[in-house]
There are 2 protein chains.
Amino acid sequence: MRLSRYFLPILKENPKEAEIVSHRLMLRAGMIRQQAAGIYSFLPMGKRVLDKVCAIIREEQNRSGAVELLMPTIQSADLWRESGRYEAYGKEMLRIEDRHERELLFGPTNEEMVTDIFRSSIRSYKDLPLNLYHIQWKFRDEVRPRFGVMRSREFLMKDAYSFDLDFESAQTAYHRMFVAYLRTFNRCGVKVIPMRADTGPIGGDLSHEFIILASTGESEVFCHRDFLAMSVPGADVNFADAAELAAIVKDWTTPYAATDEMHDTALWDGLPDADKVAARGIEVGHIFYFGTKYSEPMNAVVTGPEGKDIPVHMGSYGIGPSRLIAAIIEASHDEAGIIWPRSVAPFDVGLINMKPGDADCDAACETIYAELEKAGVDVLYDDQDTRAGAKFATMDLIGLPMQVIVGPRGAKAGEAEVKVRATGERETIPLASVVARVTA
Amino acid sequence: MRLSRYFLPILKENPKEAEIVSHRLMLRAGMIRQQAAGIYSFLPMGKRVLDKVCAIIREEQNRSGAVELLMPTIQSADLWRESGRYEAYGKEMLRIEDRHERELLFGPTNEEMVTDIFRSSIRSYKDLPLNLYHIQWKFRDEVRPRFGVMRSREFLMKDAYSFDLDFESAQTAYHRMFVAYLRTFNRCGVKVIPMRADTGPIGGDLSHEFIILASTGESEVFCHRDFLAMSVPGADVNFADAAELAAIVKDWTTPYAATDEMHDTALWDGLPDADKVAARGIEVGHIFYFGTKYSEPMNAVVTGPEGKDIPVHMGSYGIGPSRLIAAIIEASHDEAGIIWPRSVAPFDVGLINMKPGDADCDAACETIYAELEKAGVDVLYDDQDTRAGAKFATMDLIGLPMQVIVGPRGAKAGEAEVKVRATGERETIPLASVVARVTA
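Residue indices follow the written sequence of each chain, beginning from 1 at its first position. By the order in which they are written, chains take letters starting at A while ligands take numbers starting at 1. A pLDDT threshold of at least 70 governs which residues receive local features in this predicted model, and a stricter bar of 80 or more applies before side-chain atom pairs are shown or counted, although totals over entire chains, interfaces and linings include all residues. Where side-chain values are given, they derive from all heavy atoms of the structure, hydrogens and water being excluded.

The name recorded for chain A in an unreviewed UniProt entry is Proline--tRNA ligase, from Jiella flava.

(A) Just the interface of chain A and chain B, in detail. Two residues form a contact once any of their heavy atoms are found within 4.5 Å. Each partner contributes residues to the interface: chain A has 55 residues there, and chain B has 54 residues. Together chain A and chain B conceal approximately 4500 Å² of surface at their shared face, both sides included; 61% is due to carbon and sulfur atoms. What gets called buried area is simply the loss in accessible area from a 1.4 Å probe that two parts show on being joined, summed for both. Sorting the residues of chain A by area buried against chain B places A:F7, A:L70 and A:R99 first, and these three jointly supply 16% of that buried surface. Whenever a carboxyl oxygen of Asp or Glu lies within 4 Å of a side-chain nitrogen of Lys or Arg, that contact is scored as a salt bridge. Counting across the chain A and chain B interface gives six salt bridges. In this structure, A:E68 engages B:K47 in a salt bridge whose closest nitrogen and oxygen atoms are separated by 3.1 Å. Here a polar contact is taken to be a pair of N or O atoms separated by no more than 3.5 Å, where protein atoms must pair a possible hydrogen donor with a possible acceptor and residues adjacent in sequence count only if both atoms sit in side chains. Across the chain A-chain B interface, the total number found is 20 residue pairs in polar contact (both at pLDDT 80 or more). Class assignment for the residues of the side of chain A that touches chain B results in 29 nonpolar, eight polar and 18 charged. As a working rule, the residues Ala, Val, Leu, Ile, Met, Phe, Trp, Tyr, Cys and Pro are called nonpolar, Asp, Glu, Lys and Arg charged, and the rest polar, with Gly in that last group.

(B) Representation of the relation of the copies chain A and chain B. The transformation that overlays chain A on chain B combines an axial shift of 0.0 Å with a rotation of 180 degrees, and the residual RMSD is 0.0 Å. Accordingly, the operation relating the two chain copies is best matched by a two-fold axis. Taking C-alpha positions as the reference, the residue of chain A nearest the rotation axis is A:I96, at 2.9 Å. Taken together, the interface assignments show that 98% of the residues at the interface of chain A recur at the interface of chain B, consistent with an identical surface on both copies. Only residues with pLDDT of at least 70 in both copies count here: their C-alpha atoms drive the least-squares fit that superposes the copies.

(C) Here's a closer look at the sheet that holds strand β21 (residues 402-406) of chain B. All names here are of chain B. With mixed pairing, the five strands of this open sheet are ordered in space as β20-β19-β21-β22-β23. Every interior strand has two partners, whereas the edge strands, β20 (379-382) and β23 (426-430), have only one. Neighbour-to-neighbour, the strand axes of the sheet open up by a mean angle of 20 degrees, direction not taken into account. When DSSP finds at least two bridges between two strands, those strands are taken to pair. Segments assigned H or I by DSSP are reported as helices when at least four residues long, segments assigned E as strands when at least two residues long, and all are numbered from the N terminus. By the bridge criterion, five bridges tie strand β22 (residues 415-420) to β23 in an arrangement that is antiparallel. Bridging from a neighbouring strand, E417 pairs with T428 of β23. Here an axis means a line fitted to C-alpha atoms, over the contact stretch when the element is a helix, while the angle between two N-to-C directions is reported on a 0 to 180 degree scale. Strands β19 (349-353), β20, β21 and β22 of the sheet are contacted by helix α12 (residues 388-398), whose axis makes an angle of about 175 degrees with β19.

(D) How the structure looks around the packing of helix α2 (residues 44-63) of chain B against helix α10 (residues 321-331) of chain B. Residues and elements named next belong to chain B. Close contact between α2 and α10 brings their axes to 10 Å; oriented N to C, the two are set at 110 degrees. Viewed along their axes, α2 and α10 adopt a mutual orientation that is roughly perpendicular. Two secondary-structure elements touch here, α2 through G46, V49, L50, V53, C54 and I57 and α10 through P321, S322, L324, I325 and I328. Considering only residue class, the contact of α2 with α10 consists of nine nonpolar, two polar and no charged. Put simply, angles under 35 degrees are roughly parallel, angles over 145 are roughly antiparallel, angles from 65 to 115 are roughly perpendicular, and the rest are oblique.

(E) Inspection of the environment of B:S64 at higher detail. Residue and element names in this part refer to chain B. By the secondary structure assignment, S64 is in the loop between α2 and β3 (67-68). The class for S64 is buried, based on a relative accessible area of 6%. Separated by 176 residues in sequence, S64 and A240 place their C-alpha atoms 8.5 Å apart. S64 has contacts with R176, M177, A180 and F239, leaving out every residue within four places of it along the chain. Side-chain polar atoms of S64 contact the backbone oxygen of Q61, separated by 2.8 Å. A simple rule labels every residue: compare its accessible area, found with a 1.4 Å probe on the protein chains alone, to the largest value its type can have, and call it buried under 20%, exposed over 50%, or partly exposed in between.

(F) The sheet that holds strand β6 (residues 103-106) of chain A, seen in detail. Residue and element names in this part refer to chain A. In spatial order, the strands read β4-β6-β5; together these three strands make up an open sheet with antiparallel pairing. If you trace the sheet from one side to the other, it starts and ends with β4 (74-76) and β5 (94-97), each paired once. In this sheet, neighbouring strand axes are inclined to one another by 40 degrees on average, regardless of whether the strands run parallel or antiparallel. Taken together, the four bridges between β5 and β6 define a ladder with antiparallel strand orientation. By the bridge assignment, R95 is partnered in β6 with L105.

(G) Spotlight on a negative patch on the surface. Residues forming no salt bridge and having over 30% relative accessible area are the ones grouped into patches, like charges within 9 Å of each other and nonpolar side chains (Val, Leu, Ile, Met, Phe, Trp, Tyr) within 5 Å. Calculation of accessible area relied on Shrake-Rupley with a 1.4 Å probe; when residues are assessed, cover is drawn exclusively from the protein chains displayed. Asp and Glu count as negative and Lys and Arg as positive, but His and the ends of the chain are not part of the count. We put the charge of a Lys on NZ, of an Arg on CZ, of an Asp on CG and of a Glu on CD. Taken together, the side chains of A:D198, A:E220, A:D260 and A:E261 make up a negatively charged region of the molecular surface. Residue A:D260 is classed as partly exposed on the basis of its relative accessible area, which comes to 45%.

(H) Quick look at unusual backbone geometry. In the segment running from A:L128 into A:P129, the intervening peptide bond is cis, with an omega of -5 degrees. Turning to its location among the elements, A:P129 is positioned in the loop between α5 (111-121) and β7 (130-139). Positioned with a positive phi, A:F147 is a non-glycine residue whose angle comes to about 65 degrees. Counting through the fold element by element, A:F147 comes out in the loop between β7 and β8 (154-164). What makes A:F147 buried here is its relative accessible area of 18%. Unusually for a residue other than glycine, B:E101 sits at a positive phi of about 60 degrees. Among the secondary structure elements, B:E101 is positioned in the loop between β5 (94-97) and β6 (103-106).

(I) Focus on the pairing of strand β7 (residues 130-139) of chain B. Residues and elements named next belong to chain B. Across the ten residues that make up β7, a large majority, ten, are buried. Of the strand pairs in this sheet, β7 and strand β8 (residues 154-164) are connected by ten bridges, and their pairing is antiparallel. The residue of β8 that forms the bridge with F139 is E154.

(J) Representation of the packing of α2(B) against helix α6 (residues 167-187) of chain B within the structure. All names here are of chain B. At a minimum axis separation of 9 Å, α2 and α6 run at an interaxial angle of 150 degrees. Our classification of the angle between α2 and α6 gives roughly antiparallel. Handedness of the crossing formed by α2 with α6: right-handed. Where α2 abuts α6, its residues I56, I57, E59, E60, Q61 and R63 lie against M177, A180, Y181, R183, T184 and R187. Of the residues contributing to the contact of α2 with α6, the split by class is five nonpolar, two polar and five charged. By the definition used in this description, the sense in which the near helix is turned from the far one sets the handedness, with an anticlockwise turn below a right angle giving left-handed and a clockwise turn giving right-handed.

This is the structure we're talking about:
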């Protein structure tokens, strides 16, 4: 992509309304724009990151056996009356009346609707287990939306829902998502620790939050040092093997880990000081097992092996991709801007033409640009006639993993500079080696 | 994908509420489910088609130089007051009040918001031309929603918005989208004819509808036979060449073509009878040039070459992917069900195991399944223990382009049957040739 044909509205000043790093950097890097309180556009750069994050989430959901569908944003109030949550949900629910005065709402979550889809077509225990997920915009009318997309009112959510015949099978469904989440966040380039959680308004018996460690995180968390060295299951994990999944979950839930709310000071005090990690964290995922909480009132039953109707055991599993992007930035930035993990970077490489109009610079850049694109590398090519300082500052701000810098002297000598954003390391190499270096 | 692990709720009976073929077939083939009047879930099979269609739309938008972003579904009423459309839009707009009694709405279209994004960051004519698009859910509160996703209240829309310094450049922007649309619909496997259109509530001077010819189409259309033989521009069309684009548009707008509303019987009567094609059609795209209709009241100006502020010339360009899916079905089905064009089929191939449990059948199917997946072919593998008749009926109903049928006798003899859905043509071939035949 040529910057001259792109839409990247960089802000030079720190926006006053931004209280946290990710919000500031996302606004400055032209990733988002506020359209109303807690409601944001994802500008082209932000949209690219959102797509990368969603692609990883999707791949790992599919790998675990979950099946993607897409439920609408607008729901009928009647459905929520069946579960009893229409009255209970409170002011966070955005309630709507249509032209025929029918009561609708903008879905804050989808337990009711997915249960309705399930009960309308699944009849037999033989069709279980089933896990249905979608990635769709949700709305929660927060009193005081803030922190950009970290706590917005309209936000993207991947929510998955599992349906099983009994507790044991539901637990395996829970384990599948647990493992899928470990892999998802790991692939997004962040360190995540599962912590036992309160089940809150969704209800249920078993729940974990997935917390990203970030020095600028919203809340205090406590965990055993062992977590920092644990390795995440590989792509070859067998999601059909309940014992293998259970063993992984056991490994990841045995050392002490707790959010502020669930912190057990007695247990904590029992740990050797050298093993204690008190840090700050950001919740990026939340999984729940809640049994028959929705299937019973909504009559989502299957015929069991003995011919009797059995309400299904359910769980729900959420990741907020828009929030996750902000959390990744909180975990990976420096004074100059964002430092994208390669897997979620909006472009792989930034190519800087230091002097557009200079024949050598232009020729070298055009060649590198064409070759990188041909090699399947996503390149943002800064072909604009702006100051060197501004070019460097913008490239550092938007945080692409690698920069290729071509100046008139270097181009004449057949050389370019390659800079690694994360380390700041710079190296001058022959123009002919750039593609090999970048794709290495 | 193994059918036993998928979610494909086929309906055996024709649903009473479905008045048109596409609605009936989408419900029967387990593609959609109604959640409230005019509000649908896309079930897994429907979601896959939606993804395929959106991927084609996106590729062609990008090829033409448009840049993708993502605006939110919920908008502020204040923004619409600036253009004067908040009052004018009428009851089709879903108006919402939040907990602080601020007036919001579910966006029926995005001219105002994209103009706001533009004016907030673009200052100079040097940043033009610009075309920003997104693919996002919209809501129009139709009095009487019907025909499934053909005329739903919540629907997906790709809407693009062009910004140019003057009429001439805006016209080229219009031509770019015109050509991108020809390519998009062609790649979706349907015959489309551009027809001059009324500009309606969006306003403006120049507008075309893109109409798919389908015998079950919603409206009468009239066109010259020449259209049926015209070839669509290739992937090598040069979107930077205004003259090339203008020539293509001229070719595609010269022969007579009109919807019922714009029909000119005098002109029509002048055509030789042999050249007249009176058919039925479905609108799947609509493009508008509307000049400074929004930029003037909303003060979206750039500094021109002479240093003066100039309101930008704009156009908007819509495709409804959810509606397009229904239109493709209207144009491509038979008594037995849907016949998907290959490019938008939810899976490339259906693999039918006629006797799960039979060692030969299972072994042959598992091998074919694994090899097709390895070759990058999307396969739906019917591994379920159901009647042969039901298997065939389901496969024909969901309309995958090709079927591979493995029965116990054939498997023992090392053979499978390959069926082409569109023609019904069947052929028995060696098991070892199946992958080559399918990927040919």
